[in-house]
Amino acid sequence: MRKIIVQKFGGTSVADTDKIKNVADVVLREKQNGNDVVVVVSAMGHTTDHLVKMAKALSPNPSSREMDMLLSTGEGVSIALLAMAIQAKGYDAVSFNAMQVGIMTENIHSKARIINIKTEKLRKNLEEGKVIVVAGFQGVTEDGEITTLGRGGSDTSAVALAAALNAERCDIYTDVEGVYTTDPRIVPRASRLDIVSYEEMLELAHAGANVLHPRSVETAKQFNVPLRVRSSFKLDDMGTLIVGVDKMELHRPVAGVAADLTQARIVVCDVPDTPGVAARVFTNLANENISVDMIIQSYARKASNTNDIAFTIDKNDLPKTLAVLETLRQEINAGDIKVDDDTAKVSIIGAGMIDRPGIASTMFETLAKLNINIRMISTSEIKISCLVDKIDAQKALKALHTVFDLECDVVADVKGDLPDV
């Protein structure tokens, strides 16, 4: 029985016709190895940014439904052009958008989750020997509404298709050569990881590593889909394999360091210290599809019977969050709402951290020696995160990468602008 390989190519890989021809060569190389191939592609280059700019020129607050209708067009161009490029090389290929495939999502615009994929058409075309090219980032509801999956949605599309088709693996092709111990644009001697666990990759993704979107890693872990992050331009390089932690040998406690510059810190002051109030705060945010990351509740002040609740969110959700909190503040008779969006979350991640004493103290001591103030702390079994001032993020990242012995002797060959820190 022929194996199914799912490949995903991002916008930089299909930015122009020459790069699309290169992608066609990558696809056909896998086909020539005797495998069936399903390809997922994003919109070309900066297409999505251009579409968003046009929408904002017409309306400062366009409806999420119409934005999904608009943004879903970008992938349609990519899939048709790639199918044409494959056909021009003498192979049979067919392109499908999400509605044609049957990538079914929940009825939420801009951040929909995939709930089912109808594989009948895909399997029929694979049996006919065709290369299938599928639009990433998009889905359709049961009543025929177009939805999009949010940032990094094409990664999720690819992994979900791999799970639905019981694929041998899912290859995520990008403009870097794999997953690094940190951003090699900031730390040139960052090490590339040959293998990393789903758990570590999930924490790295949540902590700000932009190689894979967290939801794609969650899906891969849930359905045990092996992932490879590979370069579109170095085809003999196998990149980074992402698998279950049970298949790994853990040689060092910390696998990577990441900085998330998209965090905003919110403090709701003088919240009544009574049962159920915190639940109301976070339930109201959840009802608006706003994800909360780090949370701290201060010790209750006996004189006023109040406390403060501080938490972090994605900066893109800030206007919606403030609207929710302002309404709630009046209902529960809370105090001021304070916002600080000049922050960054710096994290260390590693499955080997479990039962290893001294990791947290080393992190805190390293930041203290640099006179970096820690604003908030959150931990899990394999992650420690500190909220710091944004201006200190790069300095913290470099120091932690060094102190946990993550540097290699070779300078990484990675292009691209430095993150704005």
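The following refers to the structure shown. (Residues numbered from 1 in each chain as written. Predicted model: local features only at pLDDT ≥ 70, side-chain atom pairs only at ≥ 80, totals over all residues. Heavy atoms only, no water.)

Regarding its fold elements, the protein chain presents 13 helices and 22 strands. Taken against the 2.2 N^0.38 rule, which gives 22 Å for 421 residues, the C-alpha radius of gyration of the protein chain at 23 Å falls within 12% of a compact globule. Here the protein chain holds 421 residues, and 52% of them are scored as buried. Within the protein chain, contacts between residues at least 6 apart in sequence are counted, and of these 75% link residues at least 24 apart. (Helix = DSSP H or I, 4+ residues; strand = E, 2+ residues; numbered from the N terminus. Rg over C-alpha atoms; globule rule 2.2 N^0.38 Å. Buried < 20%, exposed > 50% of the residue type's maximum accessible area, 1.4 Å probe, protein only. Contact = heavy atoms within 4.5 Å.)

Quick look at the packing of aromatic side chains now. Geometrically, a pair of aromatic rings is defined through the distance of the ring centres and the angle of the planes. Within this structure, the stated rule accounts for two aromatic pairs. A ring pair is formed by F282 and F311, whose centres lie 5.4 Å apart and whose planes are at 75 degrees; its orientation type is edge-to-face. Remark: F311 occurs in strand 18 (residues 306-314) and F282 occurs in helix 10 (residues 277-287); sequence separation between them is 29 residues. (Phe/Tyr/Trp six-rings, centres within 6.5 Å; stacked < 30°, edge-to-face > 60°.)

Right, let's talk about the sheet that holds strand 16 (residues 263-272) for a bit. With antiparallel pairing, the four strands of this open sheet are ordered in space as 17-18-16-19. Edge strands, defined here as strands with exactly one partner in the open sheet, are strand 17 (292-297) and strand 19 (337-340). Across the sheet, the mean angle from the axis of one strand to that of its neighbour is 20 degrees, orientation sign disregarded. With eight bridges joining them, strand 16 and strand 18 adopt antiparallel strand pairing. Across the sheet, residue R265 finds its bridge partner in strand 18, namely T312. (Pairing = 2+ DSSP bridges. Axes fitted to C-alpha atoms, helices over the stretch in contact; angles between N-to-C directions.)

In this section: the sheet that holds strand 22 (residues 383-389). The antiparallel open sheet is built from four strands, whose spatial order is 15-20-22-21. Of all strands in the sheet, those with a lone pairing partner are strand 15 (256-260) and strand 21 (376-380), marking the two edges. Between one strand and the next, the sheet's axes are offset by a mean angle of 20 degrees, whatever the strand orientation. In this structure, strand 21 lies alongside strand 22, joined through five bridges in antiparallel fashion. Note that in strand 22 the partner of T379 across the bridge is I384.

Once that is clear, we can look at the nonpolar core. Of all hydrophobic cores here, the largest spans 41 residues; its most connected members are V134 and C170. If sequence neighbours within four positions are ignored, C170 has contacts with V6, A158, V159, A162, V225, P226, L227 and R228. In terms of nonpolar packing, the next biggest core, distinct from the first, is built from 22 residues, V26, A85, V133 and Y173 among them. (Core = buried A, V, L, I, M, F, W, Y, C linked by side-chain atoms within 4.5 Å.)

Its identity as a non-glycine residue notwithstanding, N166 has a phi of 50 degrees, on the positive side. Mapped onto the fold, N166 is located in the loop between helix 7 (153-164) and strand 9 (169-174). Positioned with a positive phi, N289 is a non-glycine residue whose angle comes to about 65 degrees. Looking at the secondary structure, you find N289 in the loop between helix 10 and strand 17. The partly exposed category is assigned to N289, whose relative accessible area is 32%.

This brings us to the pattern of salt bridges. In the structure shown here, the tally under the stated rule is 26 salt bridges. A salt bridge links D155 to K8, with the shortest nitrogen-to-oxygen separation between them at 2.9 Å. Of this pair, D155 sits in helix 7 while K8 sits in strand 1 (residues 4-9), placing them 147 residues apart in sequence. Taken as a pair, D155 and K8 share a single burial class, namely buried. Where E203 meets K383, a salt bridge forms, and the shortest distance between an N and an O atom there is 3.4 Å. Of this pair, E203 sits in helix 8 (residues 198-207) while K383 sits in strand 22; the two residues are 180 residues apart in sequence, bridging distant segments of the chain. K383 sits in the buried class, given a relative accessible area of 9%. Three or more residues are tied together by salt bridges with common partners; here these are E30, R169, D171 and R230. (Salt bridge = Lys/Arg side-chain N within 4 Å of Asp/Glu carboxyl O.)

For the rest of this paragraph, the subject is the environment of I384. Position of I384 among the secondary structure elements: in strand 22. For I384, a relative accessible area of 6% translates into the label buried. Along the sequence, I384 and G350 sit 34 residues apart, while their C-alpha atoms lie 9.3 Å from each other. Those residues in contact with I384 that sit more than four places away from it in its chain are V346, S347, I348, M353, I359, A360, M363, F364, S378 and T379.

Quick look at the side chain of H213 now. The residue H213 is located in the loop between helix 8 and helix 9 (214-223) in this model. Among the residues examined, H213 registers a relative accessible area of 14% and is labelled buried. Contacts of H213, omitting those with residues within four sequence positions, involve R151, G152, D155 and A205.

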